[in-house]
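The primary structure of each chain is shown beneath.
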Amino acid sequence: QVQLVESGGGLVQAGGSLRLSCAASGSIFSINNVGWYRQAPGKQRELVGTITSGGSTNYADSVKDRFVISRDNAKNTVFLQMNNLKPEDTAVYYCNADIRAARGYPHRSYWGQGTQVTVSS
């Protein structure tokens, strides 16, 4: 069984920073691509950014130059560093990871439960 858990959300003032973590646990052989998503009330879930197994990243235009995704493969953890936060960044943030549970197994997609980020004016 694989579990993906986001943490680090909270309340922060505009212009502040927050670092989210996405930690995988359970039966894990390897983690391939990981994506960070967010969903604000009344809106569709949107892609924030991605990081490949090799560490290459891509970001949505709305967060480019403000957010940074990184990973610590030894700890099975991916991070989302959010800087210069804006009220429009307020949302529940989710991570999604493609994980191989064991050697020789195909990867499958897992979602975390989400962590709330609230940015005040």
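Before reading further, recall that the structure is shown in the block above.
It should be emphasised that the depicted structure is a prediction, and the values quoted were computed from it without experimental measurement.

## Digging into the overall build of the protein
Looking only at helices and strands, the protein has zero helices and 11 strands in total. The helix and strand sequence of the protein, counted from the amino end, reads β-β-β-β-β-β-β-β-β-β-β. At 14 Å, the protein has a C-alpha radius of gyration in line with the 14 Å of a compact globule built from 121 residues. Structurally, the protein occupies a C-alpha span of about 50 × 25 × 25 Å along its principal axes. Here the protein holds 121 residues, and the buried ones make up 37% of them. With the model as given, the accessible surface of the protein reaches about 6,500 Å², and the carbon-plus-sulfur share is 46%. Charge separation in the protein, taken as the distance between the mean sites of 12 positive and 8 negative side-chain charges, equals 6 Å.

## A few points about the nonpolar core
Core analysis: the biggest nonpolar cluster contains 29 residues, and Leu4, Trp36, Phe67, Leu80, Met82, Tyr93 and Ile99 have the highest contact counts within it. Broken down by secondary-structure element, the contributors of at least two residues to this core are strand E1 (2–7), strand E3 (18–26), strand E4 (30–39), strand E5 (46–51), strand E7 (67–72), strand E8 (77–82), strand E9 (91–100) and strand E11 (115–120). Sequence-distant contacts of methionine 82, defined by excluding residues within four places in its chain, comprise Gly16, Ser17, Leu18, Leu20, Arg66, Phe67, Tyr93 and Val117.

## A word on the environment of asparagine 73
With respect to the helices, strands and loops of the structure, asparagine 73 is situated in the loop between E7 and E8. Sequence separation between asparagine 73 and serine 53 is 20 residues, and the spatial gap between their C-alpha atoms is 8.7 Å.

## Some thoughts on the packing of aromatic side chains
Under the definition given, this model contains two aromatic pairs. Here the aromatic rings of tyrosine 37 and tryptophan 111 are separated by 4.9 Å at their centres, their planes lie at 55°, and the arrangement is tilted. Placement of the pair is tyrosine 37 in strand E4 and tryptophan 111 in strand E10 (residues 108–111), with a sequence separation of 74 residues. In this structure tryptophan 111 comes out as partly exposed when scored by relative accessible area, which is 41%. Aromatic side chains tyrosine 94 and tryptophan 111 sit 6.5 Å apart centroid to centroid with 80° between the ring planes, which places their arrangement in the edge-to-face category. Taken together, the residues span a long stretch of sequence, with tyrosine 94 in strand E9 and tryptophan 111 in strand E10 at a distance of 17 residues. Its relative accessible area of 15% is what places tyrosine 94 among the buried residues. Of the aromatic side chains, those joined through ring pairs into one cluster are Tyr37, Tyr94 and Trp111. One Lys or Arg, arginine 45, reaches over the ring of tyrosine 94 and ends 3.8 Å from the middle of that ring. For the cation-ring pair, arginine 108 lies above tyrosine 110, with the distance from its terminal atom to the ring centre recorded as 4.2 Å.

## Here we look at the sheet that holds E1
In spatial order, the strands read E1-E3-E8-E7; together these four strands make up an open sheet with antiparallel pairing. Single-partner strands in this sheet number two, and they are E1 and E7. Recorded for the sheet is a direction-independent mean angle of 15° between the axes of neighbouring strands. Summarising the sheet, E3 and E8 pair through six bridges and their orientation is antiparallel. Of the residues in E8, the one forming a bridge with serine 21 is phenylalanine 79.

What counts and what doesn't
Residues numbered from 1 in each chain as written. Predicted model: local features only at pLDDT ≥ 70, side-chain atom pairs only at ≥ 80, totals over all residues. Heavy atoms only, no water. Helix = DSSP H or I, 4+ residues; strand = E, 2+ residues; numbered from the N terminus. Rg over C-alpha atoms; globule rule 2.2 N^0.38 Å. Buried < 20%, exposed > 50% of the residue type's maximum accessible area, 1.4 Å probe, protein only. Areas by Shrake-Rupley, 256 points an atom, 1.4 Å probe, with all protein chains shown as cover. Lys, Arg positive; Asp, Glu negative; His and termini not counted. Charge placed at Lys NZ, Arg CZ, Asp CG, Glu CD. Core = buried A, V, L, I, M, F, W, Y, C linked by side-chain atoms within 4.5 Å. Contact = heavy atoms within 4.5 Å. Phe/Tyr/Trp six-rings, centres within 6.5 Å; stacked < 30°, edge-to-face > 60°. Lys NZ or Arg CZ within 6 Å of the ring centre and 35° of its normal. Pairing = 2+ DSSP bridges. Axes fitted to C-alpha atoms, helices over the stretch in contact; angles between N-to-C directions.

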